[in-house]
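# Remarks on the overall topology
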Amino acid sequence: MGVFRSLIFLLSFQLLHVAKGSMVWLNKNGYEDLVVAISPQVPENDNIILNTMNMIKNASNYLFQTTKHRFFFKSVKIIIPETWKKNTSYSRLKTESYDKADVIIADHYMKHVDDPYTLHYGGCKEKGQYIHFTPNFLLNYNLTNVYGEKGRVFVHEWAHYRWGVFNEYSSNVPFYVSRNSKEASVEATSCPAGVTGIPVFQDCNGDKCELRRCRYGDQLCEKGCIFIPDIQQKMPCSVMDLRYTSSVVEFCDKNTHNSEAPNMQNKICNHKSTWEVIMESDDFRNSAVVNASAPPSETTFRLLQAQDRAVALVLDVSGSMLMHDRIGHLRRAAEVFLLHIIEIGSWAGIVTFNSDASEEAPLQQITNDAARQKLVQCLPITASGKTSICAGVRKGLKLIEDKMNATYGSEIVLLTDGEDSGIAACFDLVKQSGARVHTISLGPSAAKELEEFSKLTGGLKLYAVDGATHIKLTETFSAITPGKGDISKQSIQSLESKELAVPPSGWMNTTVPVDKTVGNDTFFSTSWNLSQPIFFLRDPKGKEYGSSDFTIDNLNLNTARLSISGTAEVGDWQFCIKNVHTATQAISVTAISRPAYSDVPPVSTVAHMNRENRAFNPVVVYAEVSQGFLPVLGATVVATIEKDGAATVTLELFDNGAGADTMKNDGIYSRYFTSLQSSGRYRLKVKARGRKTTTRLSLRQNRALYIPGYRENGKIYMNAPRPKFADKEIQVELASFSRISTSSLVVNTGGDSAPIYPPCKVTDLHACIENNTIVLSWTAPGGDLDNGKADHYIIKSSENLLDLRNHFDRATSVNSSNLIPKEAGREESFKIKPENFIIENGTIIYFAIRAVDDTNLISEVSNIARATWFIPPKASVPSDYHGNNDGPNTTVIVAIVAACIVVVCTIVSSTLCVLKKKKERSGY
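Rules used throughout
- Residues numbered from 1 in each chain as written.
- Predicted model: local features only at pLDDT ≥ 70, side-chain atom pairs only at ≥ 80, totals over all residues.
- Heavy atoms only, no water.
- Disulfide = S-S within 2.5 Å.
- Helix = DSSP H or I, 4+ residues; strand = E, 2+ residues; numbered from the N terminus.
- Buried < 20%, exposed > 50% of the residue type's maximum accessible area, 1.4 Å probe, protein only.
- pLDDT = per-residue confidence, 0-100.
- Contact = heavy atoms within 4.5 Å.
- Phe/Tyr/Trp six-rings, centres within 6.5 Å; stacked < 30°, edge-to-face > 60°.
- Lys NZ or Arg CZ within 6 Å of the ring centre and 35° of its normal.

### A few points about the state of the cysteines
Applying the stated criterion to the full structure yields three disulfides. Two residues share a disulfide in this structure: cysteine 390 and cysteine 426, whose sulfurs sit 2.1 Å from each other. Looking along the S-S bond of the cysteine 390-cysteine 426 disulfide, the torsion reads about -85°, which is the left-handed sense. With cysteine 390 in helix H11 (residues 389–404) and cysteine 426 in the loop between strand E22 (411–416) and helix H12 (427–433), this residue pair connects regions lying 36 residues apart in the sequence. Each member of the pair, cysteine 390 as well as cysteine 426, is classed as buried.

### Quick look at the confidence of the model for the protein chain
Confidence along the protein chain averages 87 in pLDDT terms, with 87% of residues attaining 70 or more. Counting contacts from residues 1–19, a segment whose pLDDT is below 50, to residues more than four positions away or on other chains yields 44 contacts. Ignoring residues within four places in sequence, the model shows residues 914–924, a span with pLDDT below 50, making eight contacts including any to other chains.

### Here's the deal with the packing of aromatic side chains
The geometry of an aromatic ring pair is captured by the separation of the ring centres together with the interplanar angle, meaning the angle of the planes. Summed over all chains, the structure comprises 31 aromatic pairs. For the pair phenylalanine 73 and phenylalanine 154, a centre-to-centre distance of 5.4 Å together with 85° between the ring planes defines the contact as edge-to-face. Placement of phenylalanine 73 in strand E5 (residues 72–73) and of phenylalanine 154 in helix H5 (residues 150–163) is noted, with a sequence separation of 81 residues between them. Judged by its relative accessible area of 0%, phenylalanine 154 falls in the buried class. With centroids separated by 5.9 Å and ring planes inclined at 65°, the aromatic side chains of phenylalanine 137 and tyrosine 147 adopt a geometry described as edge-to-face. Within this pair, whereas phenylalanine 137 is found in helix H3 (residues 135–139), its partner tyrosine 147 is found in helix H4 (residues 144–147), the two being separated by 10 residues in sequence. On the basis of relative accessibility, which here comes to 2%, the residue tyrosine 147 falls in the buried class. For the cation-ring pair, lysine 643 lies above tyrosine 682, with the distance from its terminal atom to the ring centre recorded as 5.8 Å.

### Description of unusual backbone geometry
Going from cysteine 191 to proline 192, the amide bond is cis rather than trans, its omega being 5°. On the secondary structure map, proline 192 appears in the loop between strand E12 (185–188) and strand E13 (197–205). The linkage connecting cysteine 237 with the following residue, serine 238, adopts the cis geometry, with an omega of 25°. Considering the arrangement of structural elements, one finds serine 238 in the loop between strand E17 (226–229) and helix H6 (264–268). Phi is positive for asparagine 270, which is not a glycine, with a value near 55°. Looking at the secondary structure, you find asparagine 270 in the loop between H6 and helix H7 (274–279).

Put into structure tokens, the structure is as follows:
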């Protein structure tokens, strides 16, 4: 009966994971409990609070208007940093936290970068991670000119975040050749089509800038031409493009959408309009039009402020904890948490439970190392009896309340390996407590309902498999950080964490890079499961630390630790360990550190697993690698996925914009996980490594458009140019680094057998014309999503984009019988013979591709690529331009100048094709 009950309960937990989870909910068309968090690094300024309120109030009215009287913002919570002065009007935090906020207000690591953006891991219709604004964006009224009115910007970002739609403009491809008219013509990349304006070039010398027309001659025009839109447009849409134009009060819908424009909305959402995507959301299905001209109620705000961190460790000591030395592993992992992970100034206490619960250590503040050691002495060493999870939870809440007089904003770390038929009895108590419960499921038999505690309170959902040493459980504890956004206090994810089976007289040699962003409170440790090995640690300058320099606790004889005083040397640390036991034994290495500076964010990695809500429900593995809010590119990222009773799976994750990866070079490394064996918990460990010669920082790619200027009544008004030094500054080399992060996912496969997947959708198909020949290129999918190799491809062409999308099978076939698919992730290239097409001026041909595996499972239709050949008429264009109405007809100038830009794109594409061909022939 217990097994049946667990399986039934598991059905309601298909998508549990450690992802950042929004607590926003829709209540009679109004969004409730939207959380805005101000970073502790932001200097105190009451105007930030006031301007945030005004922005969201204005956004509520604009959202109501743009969604045709359907949605508005009803209630908002603003988290005030703990570093700001106390105020009696501030409420205490409950389960809200900085790391779970929907909107984050914080400075970029880069100065003078104020672009609002939404961090987005997934594809179309998938919710984002958070919206980011800088304090300067909120305080500097001059930025309204370059981004638009703040409330409108908020609605633009909210559509990204809540409904998974994308930008309808393109900074990279501002112009394209359109087929909307009878003849090919040039349009600005926009939605809807037909946005009016003029291309110009801004020639700057120091602080002085002059406007002129883009130069044109011999089919070449200079790089840097920009499109200046008219501030007055005739169309009422679209929020995802022209939000700064007062006439824009709608999203593009099916009737107004520009499906041809080369923007991210078309690429990622299969040429659907933003309103069509919004209409497919749960929000839309669960709402109705409000018969009113304004939102039914004004937005209300509550100001919250965090207090001292209070954490109760609620630990299972039932008899099953003796299996696989779980009680020993628990003691060692919890010891690392108390000694090195939880930050100074926090309060911590310990509760153990079996059939009943006991207070082992009352809540006490961690003020120094002695206080840490005092807590460690109270960790359990024996296990017996049955399991009463609710008894432990109740005792943990009481422990906190006895000292803090309230449980609001506190945390419980609940670890168990067993089941409890009465677990549901304390769900309501936990929900009302205002505490966050982080759950750790240890082993294969932990209660299937355990994650409900985390779901109800916004806590972490963690899972650890049994191991020969405690390292896997230590990695799990390392994920429990304060969530306050204070980089000077937060413990970094492990620099190194690995376990190997080392044969007799064998060596385990590990290189641990310590980069310049970390180094404080650094410690190294090694553990073994049979007998103590010989080991030494060498720092980058050659100083050696031998076995005698390490500390071995009398109660923990299988682990040796070394804390580095001061700030650890930057560079590679060498950890060398020799197994001197007569048998093979498991040996592990751990290294953890904190940030080196309070004002420089560390390089960090966040692991995440998600099951997509689409055909075959594939699981995607994500790893975000960043420094502060800037993506880190060029890292090597490897994911290890474990499940009790199943083989370990290792995947390299990619940031190449193909397969599971939505956007190239955004610092989000992704891959499909196709080795689901059965329902249950899966544990994810991600290791990101970078070398200073291969990694670099980048700006966010999907940031809000920086408006260069506008035209009104024939006169051009230019905004200050975007700071040019920003892109140069972020090219600085990062030191070598290593980071570890963990996560987990509960999966219901829907059956006893492992799912079978088709090849994944090709998302980066590109077409160009080279020497009267069409060349297609893309990244090879796999036979199972992005793993393995497809059997063959089906390539189709059409002169009508939507026909190709909607009726792929009816489109003209391209003979690709000689094309043999490569392994997933490899670059594919295919030339289409010229006799199949007539290429002349104005030619636009669309292509799409599907991959087929060896069981005839077929991928979705790829993104649609267009091959364009367009030569504008030659004309004489003056080289000077001063932004007035004198001179040649504006329409002619627009057509000529924009067309020349398209020619450059065509020529560049052809050149790239030639270079790629030469590269392939040379074998590089």
